[in-house]
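Chains, contacts and geometry: an overview
The chain contents come next:
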Amino acid sequence: MLGNAPSFTMLSELLQGTDVGGFLLIQDSCSYSGRHLLKSFIDAALNREEVVHVLGLDVSEEELKEGLKSFVFQRLHFHDAYADPLGWTDNSPFTVHQFSSSRLTELLKQTAPSKPATLVIDSLSWVLRHISPTAVCHTLQQLKKGGAVRTIIGLLHEDMHSRGIVGSVCRLATSVITVEPGTKGEEALAKITKRSKSGKVTQDEQIFSIRKDLTVTVLSKPTNPGHKRSTTEEQVDPTANLTFNLRLTDAEREAKEKLALPFVFSKEKKTALLHSGPGSGKILYEPDASDDYDQEDPDDDLDV
Amino acid sequence: MTRRWRCRQTKPTKSLEENENLQRSSELVRLAMFTELNSILNTSPESFTPGEFILLSDRQSDASFLIHHFLSFYLKARCKVCFVALVQSFSHYHAVSQRLGVSLTQAKEKGQLIFLEGLKESLSVFLPQEENAGHQAMSFLRDPAAGLRSLYEFVQSSVVESSGGGGASAEQWGPPVLLMDDVSVLLSLGVRVGAVLDFSHYCRTTVCSQLQGNVVMLVRCDGEAEEDDADDEGSEQLMRGLTHQSCLTLHVQGLPTGYCRDIHGQVEFCWKKRQSDGQHAPKKVFQFKVHDKGVSFFARGTSRAVL
C-alpha cells in the first residue's frame, strides 16, 4: 500500500476521534498489553473536551488514571466494576451482570444528560467470561444505535477467547486495532482494519510508540523482509557487464524457439515414427495363434 | 596422640551484642543466596513495590524454588503472609525455609503466617470429624462448579485481620501478602478456568488494591504452548488469563537445548507496568542453578561451567 504523508496515518486519524457512532476495538495478547494505547485514546478524547465514561473491570481506578493529567478528571467518570464484579460482597457499585444497554445508558445519562459521551470498556474479555457473546454483541449494537453514546472503545484480549467469539466482536466494530510487540523495546506494531459506512475496508500496519505523557508517535511502516516484496524492486540483468556475449539476436532467438528438444515426445516425432519415410525398413509381423495380438494396439504403447 | 573429643563450651564472656552480630552475619550469608534475584527484581526485604501481582509460571520445569524464595523474602520483610499451600505439606515448606533462615513454626505462633495446608484440610472435607476453620476454605472440593468464593472469603478473613487493628498482644506487621502454590492444581480438582480467574481477580482487588499488599501465585503448564487453541479449558488459558492480570511474570523453563548438569534452566522476567525510573527492558532472561541453600542467577552464557 502506498504510504500517506507521515503525519496523517490511519492510527493518528483514529486518535482524532472523528468517527462518530462507531465502535473501536483494541485487541491485545499476553505479549503486549493494549491498555497503554487505550489510555492514549482516553487522553485524546479528554483533551478534545469530550465526556468519557469508563467501565472498569480489569484494573482499578488508580491504575487507569495513572498517567492522565488531573485537570481532566472532571470529564472522566469511572464506573467501578473492578472492586466487586460478581456481587460477592453486598455492596457492589457495579456487577458484570448489569452489563446491558439500558443500565449503561442510565449510567451515562446520570452524568452527561445532554452530550453523548464516549464509553470505554476495560475490558470486554471480562464481560465475555460471564455474559454470553450474543448478549454482549446485542448490547454493543444497541448502544451504538442508541444515541446516548458517541463512540464505544473496547479492549479485548484475543488470546482468551475462541476465534469465533473474537470474530463476532470484530464484525461489530467499525475499526479494529490489533497490537503486538515490536522488534525494539519501546515500539509496538498496530494492525488496523477500518470499515467505513459504505462498506469499504481499509487495512494498514504501523509501528508506534507511546510516550510517558500518553501521546502516540507513529514511527513507520514495518520493514521486516517477511512482508510482501516491494514491486518497485529492480530486476537485475545477468547478461550485463560480462567479458563475453550472452545476448541473442532476433534471428538466433527464432532459431532457438524452433528447435525441437531431443527427448520430448512431440507431435512431429510421433508422425515421423508412425509413418516412416521411403527407404527405411519395414517390420512385418505375423502373430502366432498363442500371441495376444490387439489389432489396434499391438505394442500397447500407442498414445491413441 | 589420639584426639580427644570434648564438648564445646560457649564462653560466658561473649556479649549479647556479639551474639547478635554472629546471627546477623549468618543470616546475611543465607540472604546472599537470593541477592542475585533481588537485584534483578530491584527489591529487598526493606523496600519492595507494594500492590504487585507477581505470577510465577513454569513449563515442564519446577518453579517451586521461587515460591520458597518469596515465602522467606516476605517473612523477613515482616509482612503478614497468608500461604495457601495446595501441593505440599507444612513440614516440606518448613524444612526448606529453615535452610533459607526462617522458621515457619515460629512465624505461625507469632501470628505472622497463616498457613492453609490444602492436603490436610481436604481430608477433613471428605471425612468430616470435627468442625474445622479450614473446612469452609476447601469446600469447593465437594462442589467444584460452584466456584472459589469460599476460598476467597478465607483469604479475605486472613488478610483483613491484620489491618483490623488487633488487640494489645498483636504485633504490627507490614502489608499483607498472599502466596499460592499452586493454582493449576485447582483445575485438576474440577474448578473451571473462569472461576480461578475470578478468584485471582478478587484476591488482587482485596490484597493489592485495597490493602496495598502483594500476591504471588504459581501456575504450572505441561506440554508445549498451544498457539491456536484459545478456548482450550486448561492450564494454558489459565496462564494467559493470569498473565493479563499480573504486572510481573517469572517464567521458568528448561534450557531449549536440553538437559545440562550445571545450568538447571532459564527464567524469563516480564514487567508489564512501565516503571517510573525511566527506561527498562520489559523482558530479561537469566539462567539459574539450584544449590542446596539457594539459587544462583547469571546472564545467559556466563555459567561458571562455561567460562
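In this report, we go over the structure that sits alongside the text. Keep in mind that what you see is a predicted model, and the values were worked out from it rather than measured.

Thresholds applied
Residues numbered from 1 in each chain as written. Chains lettered and ligands numbered in written order. Predicted model: local features only at pLDDT ≥ 70, side-chain atom pairs only at ≥ 80, totals over all residues. Heavy atoms only, no water. Contact = heavy atoms within 4.5 Å. Buried area = accessible area lost by both parts, 1.4 Å probe. Salt bridge = Lys/Arg side-chain N within 4 Å of Asp/Glu carboxyl O. Helix = DSSP H or I, 4+ residues; strand = E, 2+ residues; numbered from the N terminus. Nonpolar A, V, L, I, M, F, W, Y, C, P; charged D, E, K, R; others polar. Core = buried A, V, L, I, M, F, W, Y, C linked by side-chain atoms within 4.5 Å. Buried < 20%, exposed > 50% of the residue type's maximum accessible area, 1.4 Å probe, protein only. Pairing = 2+ DSSP bridges. Axes fitted to C-alpha atoms, helices over the stretch in contact; angles between N-to-C directions.

Structural notes on the interface of chain B and chain A
With 26 residues of chain B at the contact, the number on the chain A side is 31 residues. The junction of chain B with chain A conceals about 2600 Å² of combined surface from both sides, 54% of it contributed by carbon and sulfur atoms. Summed over the shared surface of chain B and chain A, the result is 2 salt bridges. Put simply, A:R129 and B:D198 hold a salt bridge, and the shortest N to O gap is 2.6 Å. Contributing elements (two or more residues each) for the side of chain B that touches chain A: α8 (149-163), α10 (193-210) and α11 (235-245) of chain B. Per-element accounting of the side of chain B that touches chain A gives the leading share, 8 residues, to α10(B). When grouped by side-chain class, the residues that make up the side of chain B that touches chain A number 6 nonpolar, 11 polar and 9 charged.

Brief notes about the nonpolar core
If you look at the biggest cluster of nonpolar residues, it comprises 76 residues, and the most contacted ones within it are A:L124, B:L178 and B:M217. Sort the elements by how many residues they give to this core and α10(B) lands first, with 9 residues. Residues contacting B:L178, with those up to four places away along its chain left out, are B:C82, B:V84, B:V155, B:C203, B:V207, B:N214, B:V215, B:V216 and B:M217. Counting 43 residues, the second largest nonpolar core, distinct from the first, contains B:L37, B:F73, B:Y74 and B:L218.

Quick word on the pairing of strand β1 (residues 53-59) of chain B
All names here are of chain B. Counting buried positions along β1 gives 7 out of 7 residues, so the element sits mostly inside the fold. Taking every second residue as pointing to the same face, both faces of β1 are buried, with F53, L55, S57 and R59 on one and I54, L56 and D58 on the other. Relative to strand β5 (residues 214-221), β1 runs parallel, the two sharing 7 bridges. Considered in β5, the bridge of F53 is made with V215. Bridge count between β1 and strand β6 (residues 248-253): 6 bridges; the pairing is parallel. Across the sheet, L56 pairs through a bridge with L250, a residue of β6.

Remarks on the sheet that holds strand β1 (residues 22-28) of chain A
All names here are of chain A. Taken in spatial order, the 9 strands line up as β3-β2-β4-β5-β1-β6-β7-β8-β9 in an open sheet, and their pairing is mixed. Of all strands in the sheet, those bounded by a partner on one side alone are β3 (76-80) and β9 (216-220). The average undirected angle you get between the axes of adjacent strands in this sheet is 25°. Direction of pairing for strand β2 (residues 52-56) relative to strand β4 (residues 117-122): parallel, over a ladder of 5 bridges. Of the residues in β4, the one forming a bridge with H53 is L119. The sheet strands contacting helix α4 (residues 101-111) are β2, β3, β4 and β5 (149-157), and the helix crosses β2 at an angle near 135°.

Quick word on unusual backbone geometry
With omega at 0°, the peptide bond leading from A:D122 into A:S123 counts as cis. Cis geometry marks the peptide bond from B:D181 to B:D182; its omega dihedral reads -15°. Its location among the elements puts B:D182 in the loop between β4 (174-181) and α9 (185-188). Phi angles above zero are rare outside glycine, and A:N241 is one such case at about 60°. Tracing the chain through its elements places A:N241 in the loop between β9 and α8 (250-258). On the accessibility criterion, A:N241 (82% relative accessible area) is exposed. The phi dihedral of B:Q212 is positive, around 55°, even though this residue is not glycine.

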